[in-house]
Amino acid sequence: MCVGLPGRIVTMKDGMAVIDASGAKREISTELIENLEPGDYVMVHAGIAIAKIQEEDDEETEELLEELL
């Protein structure tokens, strides 16, 4: 089982992005997904964006994580 965390892309440059994941800034690779822009939401696993998601998916995931913790 893998656990992915959602984040919103803040900046991008040369296949890398800085995301905001629940207030924490992280640098990730965006090499696997085309056509990403700042403001897009992605699911991240092991420092790599693995899927583009909708803002609603991000909000739902954050709510579920808060319930678990």
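Report on the accompanying structure. Since this is a predicted model, take the numbers as computed values, not measurements.

### Focus on the nonpolar core
Stage number 1. I9, A17, I19, A21, I28, I33, L36, V42, V44 and A49 form the largest nonpolar core, which has 10 residues in total.
Stage number 2. Going through the elements one at a time, β2 (16–21) and β4 (41–45) are the ones with two or more residues in this core.
Stage number 3. For this core, the element with the most residues is β2, which contributes three residues.
Stage number 4. Those residues in contact with A49 that lie beyond four places of it in its chain are I28, S29, T30, L32, I33, V42, M43 and V44.

### Quick notes on a nonpolar patch on the surface
Stage number 1. On the surface, V3, L5, L65, L68 and L69 cluster together into a nonpolar patch covering about 540 Å² of accessible area.
Stage number 2. Here L5 is to be found in strand β1 (residues 5–13).

### As for a negative patch on the surface
Stage number 1. Together, E55, E56, D57, E59, E60, E63, E66 and E67 line one region of the surface with negative charge.
Stage number 2. Structurally, E66 is set in helix α1 (residues 55–68).

### What about the pattern of salt bridges?
Stage number 1. By the definition in use, this model includes two salt bridges.
Stage number 2. Here K25 makes a salt bridge to D20, at a shortest N to O gap of 3.5 Å.
Stage number 3. With a shortest N-O distance of 3.5 Å, D40 and K52 are connected by a salt bridge. Here the residue D40 occupies a position in the loop between β3 (24–29) and β4, and K52 occupies one in strand β5 (residues 48–53), the gap between them amounting to 12 residues.
Stage number 4. The exposure class assigned to K52 is partly exposed, which follows from its relative accessible area of 46%.

### A closer look at unusual backbone geometry
Stage number 1. We note that D14 has phi near 50 degrees; this positive angle belongs to a residue other than glycine.
Stage number 2. When its relative accessible area of 70% is taken as the criterion, D14 is described as exposed.
Stage number 3. A positive phi is found at N35, a non-glycine position, where the angle reads about 60 degrees.
Stage number 4. Mapped onto the fold, N35 is located in the loop between β3 and β4.
Stage number 5. Overall, N35 belongs to the exposed group, its relative accessible area being 67%.

Thresholds, definitions, all that
Residues numbered from 1 in each chain as written. Predicted model: local features only at pLDDT ≥ 70, side-chain atom pairs only at ≥ 80, totals over all residues. Heavy atoms only, no water. Core = buried A, V, L, I, M, F, W, Y, C linked by side-chain atoms within 4.5 Å. Buried < 20%, exposed > 50% of the residue type's maximum accessible area, 1.4 Å probe, protein only. Helix = DSSP H or I, 4+ residues; strand = E, 2+ residues; numbered from the N terminus. Contact = heavy atoms within 4.5 Å. Patch = residues over 30% accessible without salt bridge, like charges linked within 9 Å, V, L, I, M, F, W, Y side chains within 5 Å. Areas by Shrake-Rupley, 256 points an atom, 1.4 Å probe, with all protein chains shown as cover. Salt bridge = Lys/Arg side-chain N within 4 Å of Asp/Glu carboxyl O. Lys, Arg positive; Asp, Glu negative; His and termini not counted. Charge placed at Lys NZ, Arg CZ, Asp CG, Glu CD.

In short, geometric facts, not functional conclusions.
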